Amino acid sequence: MSQQLAQKLGFAFLGLMSLVVIVPILLVVGAIIYAGFPALSWEFLSAMPREGMRAGGIFPAIVGTLLLTLGTGLVAIPVGVGAAVYLSEYARDNLFTRAIRLAIVNLASIPSVVYGLFGLGLFVLLLQFGTSILAGSLTLAIMTLPVIISTSEEALRAVPMEYRTVSESLGGTHWQGIRRIVLPQALPGIITGVILGLLRAAGETAPILFTVAAFFLPRLPQSAFDQTMALPYHLYVISTQVPGMPLSIQHGTALVLLAFVLSMNLVATLIRSYFRRRREW
Amino acid sequence: MSRMDSRNVSVTYGEKLVLDDITLEVKERQITALIGPSGCGKSTFLRCLNRMNDSIKIARVTGQILLDDEDIYAAGYDVVRLRQRVGMVFQRPNPFPQSIYDNVAFGPRVLGMHRDASLDDIVEQSLQDVGIWREVRDSLKRDALTLSLGQQQRLCLARVIAVKPEVILMDEPASALDPIETLRIEDLMRELVDDYTIVIVTHNMQQAARVSDWTAFFLTLDGQVGTLIEYGETGRIFTQPQDQRTIDYITGRFG
Ligand SMILES: Nc1ncnc2c1ncn2[C@@H]1O[C@H](COP(=O)(O)OP(=O)(O)OP(=O)(O)O)[C@@H](O)[C@H]1O
Ligand SMILES: [Mg+2]
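Residues numbered from 1 in each chain as written. Chains lettered and ligands numbered in written order. Predicted model: local features only at pLDDT ≥ 70, side-chain atom pairs only at ≥ 80, totals over all residues. Heavy atoms only, no water.

Draft legend 1. Structural detail: the overall build of chain B. Regarding its fold elements, chain B presents 10 helices and 10 strands. Against the compact-globule benchmark of 18 Å for 255 residues, chain B has a radius of gyration of 18 Å, which places it among compact chains. Based on the C-alpha atoms only, the size of chain B along its principal axes is roughly 55 × 45 × 35 Å. For chain B, buried positions account for 59% of its 255 residues. By sequence separation, contacts in chain B at least 24 residues apart represent 67% of the contacts at least 6 residues apart. For chain B, the computed accessible surface area is about 10900 Å², with 45% contributed by carbon and sulfur atoms. The averaged location of the 37 negative side-chain charges in chain B is 3 Å from the averaged location of its 29 positive side-chain charges. (Helix = DSSP H or I, 4+ residues; strand = E, 2+ residues; numbered from the N terminus. Rg over C-alpha atoms; globule rule 2.2 N^0.38 Å. Buried < 20%, exposed > 50% of the residue type's maximum accessible area, 1.4 Å probe, protein only. Contact = heavy atoms within 4.5 Å. Areas by Shrake-Rupley, 256 points an atom, 1.4 Å probe, with all protein chains shown as cover. Lys, Arg positive; Asp, Glu negative; His and termini not counted. Charge placed at Lys NZ, Arg CZ, Asp CG, Glu CD.)

Right under this line is the structure:
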């Protein structure tokens, strides 16, 4: 067999494999858009659900997911980025920090329902936050932290050591070098990590199941101690728990959740390419 | 007159002694060249002069280095202030990935100098001092990494000058540059020496002879320990070296 033929076969095989990955995704997305689009209307997006959720809109679930994502970010971003800066810039490489890193890697692989139960035990019951946006956000934040910490740390480590040295040689303190040079350089990577983490939080059902999600609550939450509806849980409920649910509402809800997640993904991509483009003149 | 005074300075990395008992005076407003074969500790010695070895965990420095009769290794010595007074230019041009302006302004900003003088003035003056003001005055917002290597290295020099140091340390500042840019850097050093004390590490014997007033020749003894073999005025070191090993080195017999 000639080299060229082997190469062609190799490429064909790789192309086929990519198709195997991409086609199902496209099919799912296509199907949801096709079936969900007719359900979309201003009323669907902005009205309270009625008649046992079989009519009306999904407004409280949209608001709930936005609030939970926001709350998760408020907790997870400072803690996660702070931890990453500590691990990459300050921590010595010893048994203790190695244990922390190992813990972070392992945390990332824990099933989300375990986070849900943990949140129930700690935030809802022990700390008596009740089933609330606060408890849900904290639970989601803990679940998100490993992703944010490890991607941010990676981004920080990718910044050449030299910049820190130069900063020091100019009389900058360790922190000034980090703040003025290292963090801005690592920012695109950090933002990407943060958005990926928040994406996961926005789409999860299990962690909010016991900590915040309301089955049917046709009003908006009044405070951080209120329950709320949320898109992923709402989708679960209307797909499995409510008999006689119109299919179009299910598909419409799925489409809204998908659009939310994909648009955040798009923002992450845009930010990355914006920063990359700024490098080249 | 001596500007910095190294007395019996020795450096170990972990267990390994790499510089032994270096005593030499860096003369004020003169260029001192450190020459010697690779690995003899020139960079290590240079880093001693502004305590950049501090950040190398395993490095240990003994002896004294005096700046204005004060030992810079004394307990409680203000290292930030030392770095402002003794600046450093590195081998590879390494501007921050920011604008030309921000690069020069970095030092004055972290040191809070712009409270005394306008930042714009400091930036302009520093760029003028290194001779690239005309080339970049209309593009101060441009990314510094888009400059040519020679321009980048002069920008790095401007970044150091912006904090108004007394001494400038340069570790093979021209080794990444082409011959024309190298000459420009050398000319620049001759101009700057009217106002600054300069210490330069170089592998290039002609460069040391061309540019420096004083030359210190380092050599590794027993294949391990860096030592100062001979130190004196550049003219004398190159025409009448006293140590046989200096003669061998500058005539290119080893190294
Ligand atoms: N961070 C470090 N950790 C351990 N050993 C080091 C470190 N830096 C330098 N050394 C060792 O110290 C010795 C002197 O190194 P140094 O870089 O000062 O030499 P140099 O004269 O500048 O060499 P060159 O001309 O190649 O730059 C060498 O044996 C080197 O391997
Ligand atoms: Mg060196």
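That covers the picture; the talk isn't over yet.
Draft legend 2. Quick look at unusual backbone geometry. Residue and element names in this part refer to chain B. A positive phi is found at arginine 51, a non-glycine position, where the angle reads about 60 degrees. Relative to the assigned elements, arginine 51 resides in the loop between α1 (42-48) and β4 (59-67). For arginine 51, a relative accessible area of 13% gives the class buried. Even without glycine at this site, glutamate 172 takes up a positive phi of about 45 degrees. Considering the arrangement of structural elements, one finds glutamate 172 in the loop between β7 (167-171) and α7 (179-192). Taking relative accessible area as the criterion, glutamate 172 reaches 12% and is therefore assigned buried.

Draft legend 3. A look at the environment of Thr23(B). Residue and element names in this part refer to chain B. Here threonine 23 shows up in strand β2 (residues 16-27). Not counting residues up to four positions away in its chain, the partners in contact with threonine 23 are Ser6, Arg7, Asn8 and Leu228. Among the polar contacts made by the side chain of threonine 23, one reaches the main-chain amide nitrogen of asparagine 8 at a distance of 2.9 Å. (Polar contact = N/O pair within 3.5 Å; in protein donor to acceptor, adjacent residues only side chain to side chain.)

Draft legend 4. Up close: the packing of helix α8 (residues 174-203) of chain A against helix α3 (residues 100-110) of chain B. Here α8(A) crosses α3(B) at 145 degrees, and the two axes come no closer than 12 Å. Like other packed secondary-structure pairs, α8(A) and α3(B) cross with a definite hand, here right-handed. Taking contact as the criterion, the partners of Gln176(A), Arg180(A) and Ile181(A) in α8(A) are, on α3(B), Phe106(B), Arg109(B) and Val110(B). Considered class by class, the residues forming the contact of α8(A) with α3(B) number 3 nonpolar, 1 polar and 2 charged. (Axes fitted to C-alpha atoms, helices over the stretch in contact; angles between N-to-C directions. Left-handed = near helix turned anticlockwise from the far one by under 90°. Nonpolar A, V, L, I, M, F, W, Y, C, P; charged D, E, K, R; others polar.)

Draft legend 5. Structural context of the interface of chain B and chain A. Counting residues at the interface gives 24 residues for chain B, matched by 19 residues for chain A. For the pair chain B and chain A, the summed buried surface comes to about 2000 Å²; carbon and sulfur atoms form 62% of the total. Contact with chain A buries surface across chain B, with Pro97(B), Phe106(B) and Val110(B) losing the most and accounting together for 26% of the total. In this structure, the connection of chain B to chain A is made through 2 salt bridges. Among the ionic pairs, Glu168(A) bridges to Arg83(B), the shortest N-O distance being 3.9 Å. Counting every contact that joins chain B to chain A gives 4 residue pairs in polar contact (both at pLDDT 80 or more). For the side of chain B that touches chain A, the secondary-structure elements that each account for two or more residues are α2 (79-85), α3 and α6 (149-161) of chain B. The dominant element in the side of chain B that touches chain A, judged by the number of residues it contributes, is α3(B), at 4 residues. Residue composition of the side of chain B that touches chain A, by class: 13 nonpolar, 5 polar and 6 charged. (Buried area = accessible area lost by both parts, 1.4 Å probe. Salt bridge = Lys/Arg side-chain N within 4 Å of Asp/Glu carboxyl O.)

Draft legend 6. Region of the structure containing the packing of aromatic side chains. This structure, assessed with the given rule, holds 9 aromatic pairs over all chains. Plain terms: the ring middles of Phe96(B) and Phe106(B) are 4.7 Å apart, the flat faces sit at 50 degrees to each other, and that makes the pair tilted. Remark: Phe106(B) occurs in helix α3 and Phe96(B) occurs in the loop between β6 (86-89) and α3; sequence separation between them is 10 residues. An identical accessibility class is assigned to Phe96(B) and Phe106(B); each is buried. Ring plane angle 40 degrees and centroid distance 5.8 Å describe the contact between Trp214(B) and Tyr231(B), whose orientation is recorded as tilted. Of the two residues, Trp214(B) sits in strand β9 (residues 214-221) while Tyr231(B) sits in strand β10 (residues 225-233), which places them 17 residues apart along the sequence. An aromatic cluster is present here, built from Phe118(A), Phe123(A), Phe129(A) and Phe225(A) joined pairwise through their rings. Taking NZ or CZ as reference, Lys27(B) lies 5.0 Å from the ring centre of Trp214(B), over its face. (Phe/Tyr/Trp six-rings, centres within 6.5 Å; stacked < 30°, edge-to-face > 60°. Lys NZ or Arg CZ within 6 Å of the ring centre and 35° of its normal.)

By themselves, these are just geometric observations and shouldn't be taken as functional.
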